[in-house]
Amino acid sequence: MRRPFVPGAAYTAGRGAALAALLHAWREAGLCMRNVKRENLVVARDGSVHIVDIGRDVVPYSDGEFQSMAMRVYLCGTLRGYTKEQLAEACRAPRRCEQAWWGDFSRVVCGDMDKGDAHRFDTAAALAAALPCLAGAARLEAPVPHRLDDVTSTTRSIERSGWVVTQQGFSEALVVNDRLEAAPARYGWDVAPAGERAAVTVVIKCCAQDAAVLEAQMRHLAEALGVLGGWAEVVLLAEMLPPPGGEYLRAFVEGEYEELRKELEQTLQGIETAGLVDRVVRVTTGEAAAFRKTNARWFGLDSEATHAAAGQSYASFLAFVDRAPEDGGVGKDVDVVLQLDSDVIINTTTAPRFDLCEHATRAFKEHPAAVTLAALPIYDNASPRQADGVPGVRFDSDYSSWGSGRAGPFRFEVRFGFLHLQRLRQLLPLDGGGGDVLPRPWYRLLDDRLALNPRPVSLRMTVTPPAAAPFFIHPPNELKASRDEYLYVAERAAHRTPTDGGPWAAQAGRVDLTGPPAEWLAERREDLVVVVVGRNVEYPRARLCLDSLHRDITASTTSCFARAGVSVGVVVADDASDCRTAVAELRKFAAGRFDNLTFVAHATRQGYLRNTAHCITRKS
């Protein structure tokens, strides 16, 4: 056997991709090397790794020989501090930890992880461009994105192209990084043709008082809305108007308006840069003429008022939906708007994929007089309408259909509800009381008008088990007085599953978040709770940590802990890592490993010590 001379440097450790390429080359050649050690490895000038000092230890390929060779290569690359004798011993009888580390690397170099019928693209843009050419259900894959924002924007493109994403996440294909850890090679979306959808614009409302928590909330809403349908457009409507009289009648944060406005503007710029919404619309005092026109059209008032008597804002939203498309309003083909508050919390744990856009389209089609639709449903584990209802999603038109003893039409859910604009405009003007200021919130004036219509005009979505849907919760404004506590509670309310008990019993049937914050944050009650805290830990390393922890807990649980009757729980706290895609995937991975798990993904950095203290004190 003749081999060319390879000039280079002695191999020390790492270079995982080069080692994987080395093993693939030997496998393709049909050969194996029995005596792999660091002294036989050389790093060439181009970064590739080669085996030298080849002699009688070269044997024909067999699966067993190749597994042994790959194990030796792997240990050479990872066990930097091992002596020659320790390395030989590890190769002969690897310890449990060494076998665990080697598992994913083995999958890359000893198996073909790239099989399947996926359509693969070099960029997310190329993936989006290919969507019109798909003929049916398919798997689409692109390089792993760095941020969750990138995933959200690509998902949005897929959903808007007439497809529904049935599942998404890292693909099974793996690559080896420099530390010889197996990392995901691609991110994938399973898609299928969507049902009938109307063009629906999402309008998310915020004001200067929301500035401190707005970016974190918009990341949550961008992720949640991405799995709820193919929206025509997602708009963040930012009200930048000074409160009447200079002070908020419904103040829930401290600070002067001008300070809050500057903070809001800075936050809006960050949201625009991240691409969390399609566009941000700022409503300012320069639109007084538009407010007067809106008041006249909607309520018959000759006024520039922007808030109702009790301080509820209305003019910003109504003036926006009144704008012509060419002036920055909703699209000319859009008849339905989903309007929601920016602090709404959407929990998708009960139904990770739910085409809300398609359901809303069906609701307005089946009920041609309907003007409003309350959706998503609230969390309800004991509703009378679930006792004898037909499983599935339906749309009730008044309280009597719930069998609750109440009568009359539903009220419009202003915190998360659909409006059919064309039908709504046919009801104008609403009774504004004839003064300069609305005596009541505009949506209650709408309720009064809808109650006069004999036909069903106000709908509410009902989901009867075993069918399931996401649900929404609205946090009380006073919770926002403490930014960190608000973000803690919002994160837990969005990701805690109702089956874990705790605050859910009191939350059933209520929109407003119920119970003290401590009840939402305290989940673990086991005798022993293991706390794992990290920030910007690469996904393969974090996964390796949790996988190792799972094996250790399982082994211990079946031995000493189980015999002593000691229960074990796990808390994983991510301290606002930059790679949000990896955090989302790590959450799914951990949920599949641990039964007694709390996974907290902080929106803002807390620090290692504060995180650890928080997890131990509250047991998260």
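Residues numbered from 1 in each chain as written. Predicted model: local features only at pLDDT ≥ 70, side-chain atom pairs only at ≥ 80, totals over all residues. Heavy atoms only, no water.

A. A look at the overall build of the chain. Tallying secondary structure elements over the chain gives 21 helices and 24 strands in all. By the burial criterion, 51% of the 620 residues in the chain qualify as buried. The contacts in the chain between residues at least 6 apart in sequence include a share of 78% that link residues at least 24 apart. (Helix = DSSP H or I, 4+ residues; strand = E, 2+ residues; numbered from the N terminus. Buried < 20%, exposed > 50% of the residue type's maximum accessible area, 1.4 Å probe, protein only. Contact = heavy atoms within 4.5 Å.)

B. Structural context of helix H7 (residues 211-225). Counted at 1.5 Å a residue, the expected span for H7 with its 15 residues is 21 Å, and the 21 Å between its end C-alpha atoms agrees. Where H7 bends most, the angle comes to about 25°, and this point is Gln217. Most of H7 sits out of view: 12 of its 15 residues are buried. (Expected span 1.5 Å × (residues − 1). Bend = angle between axes of the 7 residues up to and from the residue.)

C. Spotlight on the nonpolar core. By size, the foremost hydrophobic cluster in this structure holds 54 residues, and its most contacted members are Trp231, Leu236, Leu356 and Phe418. Excluding residues within four positions of it along the chain, Leu356 makes contact with Leu228, Trp231, Ala375, Leu376, Phe416, Phe418 and Met461. Formed by 38 residues, the second largest nonpolar core is a distinct cluster that contains Val235, Leu241, Ala305 and Tyr443. (Core = buried A, V, L, I, M, F, W, Y, C linked by side-chain atoms within 4.5 Å.)

D. Layout of the sheet that holds strand S24 (residues 597-601). Read across the open sheet, the 3 strands follow the order S22-S23-S24; overall the sheet is parallel. At either margin of the open sheet sits one strand with a lone partner, and together these are strand S22 (528-534) and S24. When the angles between neighbouring strand axes are averaged without regard to direction, this sheet yields 10°. As judged from the 5 bridges shared by strand S23 (residues 568-574) and S24, these two strands associate in the parallel manner. Directly across from Val570, in S24, lies its bridge partner Leu597. Helix-sheet contacts for helix H20 (residues 580-591) involve S23 and S24, and the interaxial angle to S24 is about 175°. (Pairing = 2+ DSSP bridges. Axes fitted to C-alpha atoms, helices over the stretch in contact; angles between N-to-C directions.)

E. Summary view of the confidence of the model for the chain. In the predicted model, the chain carries a mean pLDDT of 83, and 89% of its residues have values of at least 70. Low pLDDT (under 50) marks residues 382-389, which in the prediction has 15 contacts with non-local residues, meaning those over four places away or in another chain. (pLDDT = per-residue confidence, 0-100.)

F. Broad picture of the pattern of salt bridges. Counted by the stated rule, this structure contains 38 salt bridges. Linking Arg219 and Glu215 is a salt bridge whose minimum nitrogen-to-oxygen distance equals 3.2 Å. Here Glu215 and Arg219 lie together in helix H7, a separation of 4 residues that amounts to about one turn. Its relative accessible area of 29% is what places Glu215 among the partly exposed residues. Salt-bridge contacts for Glu491 lead to Arg587; the nearest nitrogen and oxygen are separated by 2.8 Å. Separated by 96 residues along the polypeptide, Glu491 in helix H15 (residues 483-495) and Arg587 in helix H20 bring together distant segments of the chain. (Salt bridge = Lys/Arg side-chain N within 4 Å of Asp/Glu carboxyl O.)

G. Layout of the packing of helix H1 (residues 16-29) against helix H2 (residues 63-78). At a minimum axis separation of 11 Å, H1 and H2 run at an interaxial angle of 160°. Between H1 and H2, the angle is such that the two are roughly antiparallel. Where H1 crosses over H2, the handedness of that crossing is right-handed. Of the residues in H2, those in contact with Leu19, Leu23, Trp26 and Arg27 of H1 are Phe66, Met69, Ala70, Val73 and Gly77. Classifying every residue of the contact of H1 with H2 by side-chain character gives 7 nonpolar, 1 polar and 1 charged. (Parallel < 35°, antiparallel > 145°, perpendicular 65-115°, else oblique. Left-handed = near helix turned anticlockwise from the far one by under 90°. Nonpolar A, V, L, I, M, F, W, Y, C, P; charged D, E, K, R; others polar.)

H. Quick peek at the packing of H7 against helix H8 (residues 257-274). Where H7 meets H8, the axes come as close as 8 Å, and the angle between the chain directions of the two elements is 20°. Here H7 lies roughly parallel to H8, going by the angle between them. Crossing hand, H7 versus H8: right-handed. For the pair H7 and H8, the contacting residues are Ala211, Ala212, Leu214, Glu215, Met218 and Arg219 in the first and Leu260, Glu263, Leu264, Thr267, Leu268, Ile271 and Ala274 in the second.

I. Fine view of the sheet that holds strand S3 (residues 41-44). An order of S1-S3-S4 is seen for the 3 strands of this open sheet, with the pairing classed as antiparallel. Lying at the two open borders of the sheet, with one neighbouring strand each, are strand S1 (8-10) and strand S4 (49-51). Adjacent strand axes in the sheet meet at a mean angle of 40° when their direction is disregarded. Strand direction decides the pairing type here: S3 and S4, joined by 3 bridges, are antiparallel. Bridge pairing links Leu41 to Ile51 in S4. Together, S3 and S4 form the strand contacts of H1, whose direction differs from that of S4 by roughly 45°.

J. Fine view of the pairing of strand S12 (residues 200-207). The element S12 is largely enclosed, with a buried count of 8 among its 8 residues. Side-chain alternation along S12 places Val200, Val202, Ile204 and Cys206 on one buried face and Thr201, Val203, Lys205 and Cys207 on a second face that is also buried. Bridging between S12 and strand S15 (residues 336-341) involves 6 bridges; their strand directions are parallel. Across the sheet, Val200 pairs through a bridge with Val336, a residue of S15. Handedness of the crossover joining S12 and strand S13 (residues 233-239) through H7 is recorded here as right-handed. (Right-handed = clockwise from strand over helix to strand, strands pointing away.)

K. Region of interest: unusual backbone geometry. For the peptide bond that leads from Leu428 to Pro429, omega is 0°, which places it in the cis range. You can see Pro429 is positioned in the loop between helix H13 (421-425) and helix H14 (442-451). At Arg15, a residue that is not glycine, the phi angle is positive and equals roughly 60°. By the secondary structure assignment, Arg15 is in the loop between S1 and H1. With a relative accessible area of 38%, Arg15 lands in the partly exposed category. The phi torsion at Ala576 lies on the positive side, around 55°, for a residue other than glycine. With respect to the helices and strands, the residue Ala576 is situated in the loop between S23 and H20.

L. Main features of the packing of aromatic side chains. Inspection of every chain in the model, using the stated rule, returns 12 aromatic pairs. Between Trp504 and Trp520, the ring centres sit 5.0 Å apart and the planes meet at 85°, which makes this aromatic pair edge-to-face. In this pair, Trp504 sits in helix H16 (residues 504-507) while Trp520 sits in helix H17 (residues 517-521), placing the two residues 16 residues apart along the sequence. Cluster of aromatic residues (ring-pair linked, three or more members): Phe170, Tyr187, Trp189 and Tyr539. Across from the ring centre of Phe317, 5.7 Å away, lies the NZ or CZ of Lys205, which sits over that ring. (Phe/Tyr/Trp six-rings, centres within 6.5 Å; stacked < 30°, edge-to-face > 60°. Lys NZ or Arg CZ within 6 Å of the ring centre and 35° of its normal.)

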